[in-house]
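Residue-level structure breakdown
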Amino acid sequence: GKDDAWWRSAVVYQIYPRSFADSDGDGIGDLDGITGRLDHLAELGVDVLWLSPVYPSPQDDNGYDISDYQDIDPVFGDLTAFDRLLAAVHGRGMRLIMDLVVNHTSDEHPWFRESRDPGSPKRDWYWWRPPRDGREPNNWGSFFSGPAWTRDPASGAYYLHLFSPKQPDLNWENPEVREAVYAMMRWWLDRGVDGFRMDVINLVSKDPALPDGVLRGDGPYGDGSPSYVCGPRIHEYLREMHREVMARYPGRLLTVGEMPGVTVEQARLFTDPDHAELDMVFQFEHVGLDHGAHKFDPRPLRLTELKASLGRWQTGLADVGWNSLYWNNHDQPRVVSRFGDDGPRHRTRSATMLATVLHLHRGTPYVYQGEELGMANAPLRTIEDFRDIESLNHYAQALGAGAAPEDVLPGLRAMGRDNARTPMQWDASPQAGFTTGIPWLPVNPDHIEVNAAAAYADPGSVFHHYRRLIALRHSEPAVVHGDFTMLLPDDERVYAFTRHHEGTTLLVVGNFTGDTVTVDLPGGWEDAELLLGNGPSVPAEDGRTVLAPWEARVHRRI
Ligand code: ISL
């Protein structure tokens, strides 16, 4: 039945290939580097690897700007190295999914090069529009600062790019575009890959009228999102994709759509098996709760808001659809620095508390490389320390508008995507075992303490806690199938919930503070089995539960 799809009990591990393992000393991670580190992933126990893009690319957005969908960028290896990796992954009983970036291509993709000619049959594959009053066709801003339109001097027309000017948006209204995408997907699946993580897939359907957006903030740009977030034909396109691609590989694939701005109601439709669209989606609500006016204007997280948000997603996708669960990816700051405490005293405990709370929710958990070591944000100081296009553009735009560096840098340090992209910390050697050369982004100096070799040797490490959480998902059906009930919704310090399945109930509690807290939990749990914890616990006092700083516990009652 559809309730026993294999990915419901799976854990996915995201690899950012540039920063995972470098086999040839050029300072950039590669496919052979990944193949050489599969012991780490097998030991952790994950079921699926997701590779961020490894296709040929000018690397304007680290590979999310693709110039050839059916090859490997030489910096990462070649198709032979890819086939070796895939065979090795399968040989260990794991699966491999690819990043599918089809909202846009690189401006160096042959399709876009052809489409620059107004007479070309590819002209309609992208969003070309004539100037309006000598300027951009509408007022939309791009996700990476600046307008969402760039003028091509050759024809005088503008093309749409929701991201960088080197990432022109494909026109999915054109059926030839969709057919080309589906054929490319089948080519990878026939090669043996097991599914896709689909980049901003809920942005591919645009209102072809491309109307102006409402002006936002004090900037010059309008908010175009009502015209392209879950646009008019999105469900039609995904159903068509399912019919033309996924349905041909029944029972085998995992598909997850990355969907900024998706609502619970929309997510139910996308992930309802009866709709035959996607298996699950990445939503962004919980990683937006600490944003102020924009993402580089952070504010403290309120635990009650986190619980309300994740709780609504648990309830909203309880009977129909399925959640994906994540704290981290290559676009988010490190969770131990963001919602935990990355200082020496509390790093391990806060990282393992956050892991416990997330992994005990109902849904498929995603682990981002280094999260299983408790890797922390990078020590980014001046703008020279940043590499990411989003941060660099935001800085230039803010300074252009009159801001001072010291007003802009704190937001970039806290939220910048480079935090997630420092090299994987394998050992305590000078480049953390990532490369024998000079890494493209410096290794975090904390790798002297925080690294995989040290973690293997310490049974109390973050790594071994993730390993136990993953093993628990594989052995305890209530983790996979149990229903979800939030407890203590108004408590600003403690995250607590139960999961219930066929006579088994799990109680999960996590202390989101660095203080010892006393909390009243529902009765009947006093003598329950402690299934998993993250360190020494404090005894109850007068029947009240006492939690040590950043403590997490999972109890079971049968
Ligand atoms: O991190 C973000 C900027 O605040 C998000 O808006 C992010 O850009 C959005 O989630 C889409 O992300 C995906 O598509 C981008 C790429 O830069 C990201 O790395 C990718 O995950 C464009 O392909």
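From a predicted model like this one, the values you see are computed outputs, not experimental measurements.

1. Here's the deal with the overall build of the chain
Counting its regular elements, the chain contains 16 helices and 20 strands. In terms of C-alpha radius of gyration, the chain reaches 23 Å, essentially the compact-globule figure of 24 Å for 558 residues. Reported as C-alpha extents along the three principal axes, the dimensions of the chain are approximately 80 × 55 × 50 Å. Taken over 558 residues, the chain has a buried fraction of 60%. Long-range contacts, defined here as pairs at least 24 residues apart, represent 71% of the contacts in the chain between residues at least 6 apart. Of the roughly 20,600 Å² of accessible surface on the chain, a fraction of 51% belongs to carbon and sulfur atoms.

2. Some words on unusual backbone geometry
Leave glycine aside and you will find that most residues have negative phi; peptide bonds, for their part, are mostly trans. Non-glycine residue asparagine 62 carries a positive phi angle of around 50°. Note that asparagine 62 resides in the loop between strand 2 (48–51) and helix 3 (79–91). At leucine 488, a residue that is not glycine, the phi angle is positive and equals roughly 50°. Looking at the element boundaries, leucine 488 is found in the loop between strand 14 (483–487) and strand 15 (494–501). The class for leucine 488 is partly exposed, based on a relative accessible area of 24%.

3. Describing empty space enclosed by the protein
Taken as a whole and judged by the stated rule, the model has three cavities of 30 Å³ or more. Taken as a whole, the largest cavity spans an internal volume of roughly 80 Å³. Forming the walls of the largest cavity are Gln283, His286, Leu310, Trp313, Gln314, Asn323, Ser324, Leu325, Tyr326, Leu358 and His361. Among the elements of the structure, helix 9 (303–316) and strand 12 (324–325) are those that each provide at least two residues to the lining of the largest cavity. Residue contributions to the lining of the largest cavity peak at three residues, all from helix 9. For the lining of the largest cavity, the class distribution of residues is five nonpolar, six polar and no charged. Of the pockets and cavities examined, the second largest cavity occupies roughly 50 Å³. Contributing to the lining of the second largest cavity are Asn328, Arg334, Val335, Val336, Ala351, Leu354, Glu371, Gly374, Met375 and Tyr466.

4. What to know about the domain arrangement of the chain
With domains assigned, the chain is organised as domain 1 (2–108 + 169–469) and domain 2 (483–557). Here domain 1 and domain 2 have C-alpha centroids that lie 30 Å from each other. Approximately 2,300 Å² of surface area, both sides summed, lies buried where domain 1 meets domain 2, with 68% of it carried by carbon and sulfur atoms. For the pair domain 1 and domain 2, the interface holds 14 residue pairs in polar contact (both at pLDDT 80 or more). Mapped onto the side of domain 1 that touches domain 2, the elements with two or more residues apiece are helix 9, helix 11 (347–359) and helix 15 (462–475). Residues that form the side of domain 1 that touches domain 2 fall into these classes: nine nonpolar, 10 polar and six charged.

5. Description of the packing of helix 12 (residues 389–400) against helix 13 (residues 405–415)
Contact pair helix 12 / helix 13: the axes reach a minimum separation of 10 Å and the direction vectors enclose 155°. Between helix 12 and helix 13, the angle falls in the class roughly antiparallel. The two elements helix 12 and helix 13 meet at a crossing, and its hand is right-handed. Residues Ser391, His394, Tyr395, Ala398 and Leu399 of helix 12 touch helix 13, and the partners they reach there are Pro405, Val408, Leu409 and Leu412. The residue makeup of the contact of helix 12 with helix 13, split by class, is seven nonpolar, two polar and no charged.

6. Focus on the site of the ligand
Neighbouring the ligand are 19 residues; Asp61, Asp199, His330, Asp331 and Glu390 lie closest to it. In the environment of the ligand, an oxygen atom lies 3.0 Å from a nitrogen or oxygen atom belonging to the side chain of arginine 197. Each residue belonging to the shell around the ligand can be placed in one class, and the counts come to seven nonpolar, three polar and nine charged.

7. Concerning the pairing of strand 1 (residues 12–15)
What you see with strand 1 is no split at all: Val12 and Gln14 on one side and Tyr13 and Ile15 on the other are buried throughout. Across three bridges, the pairing between strand 1 and strand 13 (residues 364–368) is parallel. Opposite valine 12, over in strand 13, you have tyrosine 366 as the bridge partner. With four bridges joining them, strand 1 and strand 2 adopt parallel strand pairing. Opposite valine 12, over in strand 2, you have valine 48 as the bridge partner.

8. Some words on the environment of aspartate 527
Within the secondary structure, aspartate 527 sits in the loop between strand 17 (517–519) and strand 18 (529–533). Sequence separation between aspartate 527 and alanine 276 is 251 residues; the distance between their C-alpha atoms is 45 Å.

9. Describing the layout of surface pockets
In this structure, the second largest pocket encloses a volume near 440 Å³. If you trace the second largest pocket, you find 22 residues lining it, with Ala5, Trp7, His242, Gly251 and Asp279 closest to the centre. Counted by class, the lining of the second largest pocket contains 11 nonpolar, five polar and six charged residues.

10. Brief notes about the sheet that holds strand 11 (residues 280–282)
Spatially, the eight strands line up as an open sheet ordered 11-10-7-3-2-1-13-12, and their pairing is parallel. Every other strand in the sheet has two partners, leaving strand 11 and strand 12 as the edge strands with one partner each. Judged from the three bridges that link them, strand 10 (residues 254–258) and strand 11 form a sheet pairing that is parallel. Looking at strand 11, one finds that valine 256 is bridged to methionine 280. Against the sheet, helix 5 (residues 175–191) makes contact with strand 3 (95–100) and strand 7 (195–198), and its axis sits at roughly 135° relative to strand 7, the strand it touches most.

11. Overview of helix 9
Compared with an ideal rise of 1.5 Å per residue, which puts 14 residues at 20 Å, helix 9 spans 20 Å between its outermost C-alpha atoms and is within 8% of the ideal. For helix 9, the buried fraction is high: 10 of the 14 residues fall into the buried class. Listed as buried for helix 9 are Leu303, Thr304, Leu306, Lys307, Ser309, Leu310, Gly311, Trp313, Gln314 and Gly316. Here the buried face of helix 9 lies against helix 8 (264–271), strand 12, strand 14 and strand 15.

Here is what the cut-offs are and how they apply
- Residues numbered from 1 in each chain as written.
- Predicted model: local features only at pLDDT ≥ 70, side-chain atom pairs only at ≥ 80, totals over all residues.
- Heavy atoms only, no water.
- Helix = DSSP H or I, 4+ residues; strand = E, 2+ residues; numbered from the N terminus.
- Rg over C-alpha atoms; globule rule 2.2 N^0.38 Å.
- Buried < 20%, exposed > 50% of the residue type's maximum accessible area, 1.4 Å probe, protein only.
- Contact = heavy atoms within 4.5 Å.
- Areas by Shrake-Rupley, 256 points an atom, 1.4 Å probe, with all protein chains shown as cover.
- 1 Å grid on protein atoms, 1.4 Å probe; cavity = no way out; pocket = protein on both sides within 12 Å on 5 of 7 lines; lining within 4 Å.
- Points joined across faces, edges and corners; volume = space filled by probe spheres on them.
- Nonpolar A, V, L, I, M, F, W, Y, C, P; charged D, E, K, R; others polar.
- Domains from an automatic or database assignment.
- Buried area = accessible area lost by both parts, 1.4 Å probe.
- Polar contact = N/O pair within 3.5 Å; in protein donor to acceptor, adjacent residues only side chain to side chain.
- Axes fitted to C-alpha atoms, helices over the stretch in contact; angles between N-to-C directions.
- Parallel < 35°, antiparallel > 145°, perpendicular 65-115°, else oblique.
- Left-handed = near helix turned anticlockwise from the far one by under 90°.
- Near = heavy atom within 4 Å.
- Pairing = 2+ DSSP bridges.
- Expected span 1.5 Å × (residues − 1).

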